[in-house]
Amino acid sequence: MNPNGQIAIVTGAGSGLGEATARTLAAKGARVAILDVGIDRASTVAAAIGGIAVQCDVSSGDSGVAALAEVAERLGEPRILVNCAGIAIGVKTIGKDGPHPLEQYRKVIEINLIGTFNMIRLFADRAAKLEPLQGGERGVIVNTASVAAYDGQIGQAAYSASKGGVVGMTLPVARDLARSGIRVCTIAPGIFRTPMMAGMPQEVQDSLGAAVPFPSRLGEPSEYAALALHIVENQMLNGETIRLDGAIRMAP
Ligand code: NAD
């Protein structure tokens, strides 16, 4: 789908990979709704790219319904959804200092996995009713998993499970939505230079960058955004999860 003139939703777009994707889609002529739980962050990005900021907690059904209705009212019906909202907090090594807190585990699953599915189901319900574009296409969805889905590290039991769930649902959801002319792909990023990573000590960031076989550095958010744009534009890409990680395979 050519994003020019289309309406796009990017979740978690107040920061990091989502912000870069919102900027890239806007530069290609899309009108972008910046959805984020943090409305201040969302408003700053929206002002910079001429989009709209909408507060949304992707893990809440009601919040998702209200956000999509607001986007439709203010911009029109979206045909592009990029799911970038996610958290990596709450990691705690299992088997240390007593039982792992279930609440932390649930929160990561609620936002990263159920939140992604929540936005997919609400977006798809509306997009399926739109007039088809070229080739019968009505919409396109890009999700964000992580290499942690395949290669989880110490303390990542919840995060890896949440991202593994996103990888696992990509093909069945693509097959479900194919009859509606809606494509679904997932990007599994390696390690990218975003605020999520900025919390790590510099030496850890450096060693992670050095562990990337090529190009031996952290990824830039613009490189994620370029792949998200490619998925939007390339009608043959469907049901696929693409690793974007410089071939990193991490030792535990
Ligand atoms: P980030 O922390 O910079 O941005 C995430 C954004 O999501 C924030 O603006 C935050 O407010 C928003 N958010 C959090 N919970 C939300 C909720 N419930 N509803 C709506 N918005 C919410 O992180 P990032 O590095 O840009 O990560 C984006 C996505 O990419 C995440 O899903 C993350 O797990 C994934 N990812 C990141 C990396 C990396 O190296 N940065 C690697 C692999 C996967």
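Residues numbered from 1 in each chain as written. Predicted model: local features only at pLDDT ≥ 70, side-chain atom pairs only at ≥ 80, totals over all residues.

S.K.: Let's hear about the overall build of the chain: which residues, and what values?
M.R.: Counting its secondary structure elements, the chain contains eight helices and seven strands. In terms of C-alpha radius of gyration, the chain reaches 17 Å, essentially the compact-globule figure of 18 Å for 252 residues. In terms of overall dimensions, the chain has C-alpha extents of about 55 × 40 × 35 Å along its principal axes. Expressed as a percentage of the 252 residues in the chain, the buried residues total 43%. Excluding contacts between residues fewer than 6 apart, the proportion of contacts in the chain whose partners are at least 24 apart in sequence is 70%. (Helix = DSSP H or I, 4+ residues; strand = E, 2+ residues; numbered from the N terminus. Rg over C-alpha atoms; globule rule 2.2 N^0.38 Å. Buried ≥ 20, exposed ≤ 12 C-beta atoms within 10 Å, placed from the backbone. Contact = placed C-beta atoms within 7 Å.)

S.K.: Provide a residue-level description of unusual backbone geometry, including the pertinent values.
M.R.: Along the chain, F214 connects to P215 via a cis peptide bond; the corresponding omega equals 15°. The residue P215 is located in the loop between α7 (202-210) and α8 (221-233) in this model. At S216, a residue that is not glycine, the phi angle is positive and equals roughly 55°. Mapped onto the elements, S216 comes out in the loop between α7 and α8. Residue S216 is classed as exposed on the basis of its C-beta count, with 11 C-beta atoms lying within 10 Å. For A247, which is not glycine, the phi dihedral falls at a positive 70°. Along the chain, A247 turns up in the segment after β7 (241-244).

S.K.: Can you lay out the nonpolar core for me, pointing to particular residues and giving the numbers?
M.R.: Core analysis: the largest hydrophobic core is formed by 65 residues, its most contacted members being V10, I34, L35 and I80. Per element, the largest residue contribution to this core is eight residues, and it comes from helix α4 (residues 102-127). (Core = buried A, V, L, I, M, F, W, Y, C linked by C-beta atoms within 7 Å.)

S.K.: Now, about α4: what can you tell me, with residues and values included?
M.R.: With 26 residues, α4 ought to run about 38 Å at 1.5 Å a step, and its terminal C-alpha atoms sit 36 Å apart, in line with that. The largest bend along α4 measures about 40° and falls at I114. Among all positions of α4, only V108, I111, N112, L113, G115, T116, N118, M119, I120, F123, A124 and A127 are buried. Considering only its buried residues, α4 is in contact with β1 (7-11), α3 (61-74), β4 (80-83), β5 (139-144), α5 (157-178) and β6 (182-189). (Expected span 1.5 Å × (residues − 1). Bend = angle between axes of the 7 residues up to and from the residue.)

S.K.: Any details on the environment of A128? Residues and values, ideally.
M.R.: Assignment of secondary structure puts A128 in the loop between α4 and β5. Taking C-alpha positions, A128 is 22 Å from L25, a pair spaced 103 residues apart along the chain.

S.K.: Explain the sheet that holds β1 to me, and be specific about the residues and the numbers.
M.R.: Taken in spatial order, the seven strands make up an open sheet running β3-β2-β1-β4-β5-β6-β7, and their pairing is parallel. The open sheet has two edge strands with one neighbour each: β3 (52-55) and β7. Taken pair by pair, the neighbouring strands of this sheet meet at an average axis angle of 20°, ignoring direction. Contacting β5, β6 and β7, α5 crosses the sheet at an angle of about 165° to β6. (Pairing = 2+ DSSP bridges. Axes fitted to C-alpha atoms, helices over the stretch in contact; angles between N-to-C directions.)

S.K.: So what about the environment of V65? Which residues, and what values?
M.R.: Tracing the backbone shows V65 in helix α3. According to the C-beta neighbour criterion, V65 is partly exposed, with 14 such atoms within 10 Å. As for V65 and G12, which are separated by 53 residues in sequence, their C-alpha atoms are 16 Å apart.

S.K.: Before we move on, can you summarise the site of the ligand with the specific residues and values?
M.R.: The environment of the ligand is made up of 32 residues, and the closest members are G12, G16, G86, T194 and M196. Of all the secondary structure elements, the ones that give two or more residues to the shell around the ligand are α1 (16-27), α4 and α6 (195-198). Residues of the shell around the ligand, tallied by class, amount to 15 nonpolar, 14 polar and three charged. (Near = placed C-beta within 6 Å. Nonpolar A, V, L, I, M, F, W, Y, C, P; charged D, E, K, R; others polar.)

S.K.: Give me the packing of α4 against α5: which residues, what numbers.
M.R.: Packing of α4 against α5 brings their axes to within 9 Å, and their N-to-C directions diverge by 15°. One element, α4, and the other, α5, form an angle in the roughly parallel class. Every pair of crossing elements has a handedness; the one defined by α4 and α5 is right-handed. In this structure, α4 contributes Q104, Y105, V108, I109, N112, L113, T116, F117, I120 and A124 to the contact, and α5 contributes A158, Y159, A161, S162, K163, G165, V166, M169, V173 and L177. Partitioning the contact of α4 with α5 into residue classes produces 14 nonpolar, five polar and one charged. (Parallel < 35°, antiparallel > 145°, perpendicular 65-115°, else oblique. Left-handed = near helix turned anticlockwise from the far one by under 90°.)

All quantities given are derived from atomic positions and should not be read as evidence of function.
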